[in-house]
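Results of the structural survey
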Amino acid sequence: MATSTERRKTASIASLGIGNKAKSIASDLSGTTKSFFAWFDKDDGPFERRVISKLDLFILSYAFIGFWVMYIDRGMLANAYISGMREELNLVGNEFSQLNSIFQAGYCVSMIPATLFLTRFPAYYVIPTSILGWGIFTVLCFRAQSFGELAAYRLCIALLQGPYFCSIHYILGSWYRRDELVRRAGVFYVSSGVGTMTTGLLAARIYATLDGHLGYSGWRWMYLIASIMTFPIAIWGFFSLPGTPRDGKRWFFTEEEFGLARERMALQGRLDPKGGILSKDTLKRFLGRWHFWLLVPWNIQWLLGYLSMINGGPTLWLRSRPEYTTVQVNNFTAVSPSLGIIFIFVFSWIIDKGGRKAIVPLVSFACGLHFITKFAWIAFDSTSTEYKWFATALSYIEVSLSPINYSVANLACAADAEERAFVVSSMLAISTAFSAWVGIVAFPTLQAPRFFNGYIMEAVLQITYVSWTALIVWYSNREERLEQEKNAGDFQSAE
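Below is a summary of the structure that appears in this document. These numbers were taken from a predicted model, which means no experiment stands behind them. (Residues numbered from 1 in each chain as written. Predicted model: local features only at pLDDT ≥ 70, side-chain atom pairs only at ≥ 80, totals over all residues. Heavy atoms only, no water.)

1. Things to note about the overall build of the protein chain
Our working rule: By the criteria applied, helices consist of DSSP H or I runs no shorter than four residues and strands consist of E runs no shorter than two, each listed in order from the N terminus. What makes two residues a contact is simply this: any of their non-hydrogen atoms within 4.5 Å. Exposure was quantified through the Shrake-Rupley algorithm and a 1.4 Å probe, taking into account, for residues, occlusion by the shown protein chains and nothing else.
Helix and strand counts for the protein chain come out as 20 helices and zero strands. Taking as baseline every contact in the protein chain between residues at least 6 positions apart, the subset at least 24 positions apart corresponds to 83%. As presented, the protein chain carries roughly 19300 Å² of accessible surface, and 66% of it is formed by carbon and sulfur atoms.

See below:
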């Protein structure tokens, strides 16, 4: 028999219009019965759809635009390098690779502590402040006069950009149901493709129209214009970003809407953070489950599997082609992210609709194609320009799996907000730490554009990443089954 407390909770849920859905919500990434192209679940009533729409408007819009400008600010280095910065700052040897590695090192250092900040401090202060900071250092890149000065600015940008990606995933996991999350993560991550695409097109336009204007080189104008785009977005976040259910801003929610948003997460087993600090006991809790030990290595394999793109491999090949001008090369860098936008949308939608059972087939397909492209570079002297262009165009395909990785982590750690913040940030932080030194070893600038050892590594990682994905899905299914058996036993005992 249900207790009086349980009856009151059931009545409260029913009054909010989600009683039927409470019975039908499946476990993590288990798929739904909704139409493939439907944005809302068929059981979502008008009131709940209004709440979801508000969440989409305020969270997804800010997440998208913030990540878009972040990718412009961080990605401008490769375009600036091929647009005169190399010659003007006398960047010799492997200094371009070193600039990338310095950025990766700074990027990973701030992720874990900054994401854990969100379990104690409002996100609408933490995230916009970091955006404001990296915008200032992007301005300073405009005036850089040496490798050392530029490296220092890039390090500061990285430290301030570190919190953004993981913090947004933490916020998404704090508001959306299991059957909603991957699509929202996909919409968020599409902005990385849009940002990368915009960077190339914007750089080409700036170089063509402003190179030499007021005595400044085109690459310097690239940094100045990128920073000008950043500051309004930072200011917007202080007023619009809703944070998490625990500390969310409510001026665009009624109390009833806010109550429904929190109730939706209670039905998913998502609890508010306890606000504790990182201590020996919390670390023991975080490291005592399989989540950290399997999800972090999984993400390392994923990120290193496309490290050539991070280190500008395809861009440096385009730059080595004498038939392409600087403006053309900058424009061509938009091809891969343009296709990546399509991949991200399609992959995210398939997983949200198909559920966990769709993960391994989809990852196998993406990594299989990516594996084929690696041989365009491994056999560099024997492959055609068309094959290399095919590899360049598809270089974003593995990156497009990002929403799956981080949504799986969000859902696996749903019952512990602090662990969720720790694991999601650890996945990217430790992966980035690996990329900081592996990039120098596997993709030294002096070997451009061949990078034989680096592309061999990436080909092998396509196979290991697919295998590890199957292991993650097996563990998730096992955990779900054990939890269902436990709940069934508790229910029988209660009767």
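Moving on, there is more to tell.
2. What about the pattern of salt bridges?
Heads up, the rule is: Each salt bridge in this description consists of a side-chain nitrogen of Lys or Arg and a carboxyl oxygen of Asp or Glu lying within 4 Å of one another. Exposure is judged per residue with a 1.4 Å probe applied to protein chains only, and the accessible area is read against the type maximum: over 50% gives exposed, under 20% gives buried, and values in between give partly exposed.
For the structure on display, the rule yields 18 salt bridges. A salt bridge links Asp44 to Arg177, with the shortest nitrogen-to-oxygen separation between them at 3.3 Å. Here Asp44, found in the loop between helix H2 (19-24) and helix H3 (46-88), pairs with Arg177, found in the loop between helix H6 (147-175) and helix H7 (178-210); they are 133 residues apart in sequence, far enough to count as distant. Judged by relative accessible area, Asp44 falls into the buried class, the value being 5%. Relative accessible area serves as the criterion here: at 2%, Arg177 is assigned to the buried category. Among the ionic pairs, Glu458 bridges to Lys374, the shortest N-O distance being 2.8 Å. One end of the pair, Glu458, is in helix H20 (residues 452-494); the other, Lys374, is in helix H16 (residues 359-378), and 84 residues separate them in sequence. A residue is classified by how much of its surface remains accessible, and Glu458, at 0% relative accessible area, is buried. For Lys374, a relative accessible area of 3% corresponds to the buried category. In this structure, a network of salt bridges that share partners links the residues Asp44, Glu48, Arg177, Asp179, Glu180 and Arg264.

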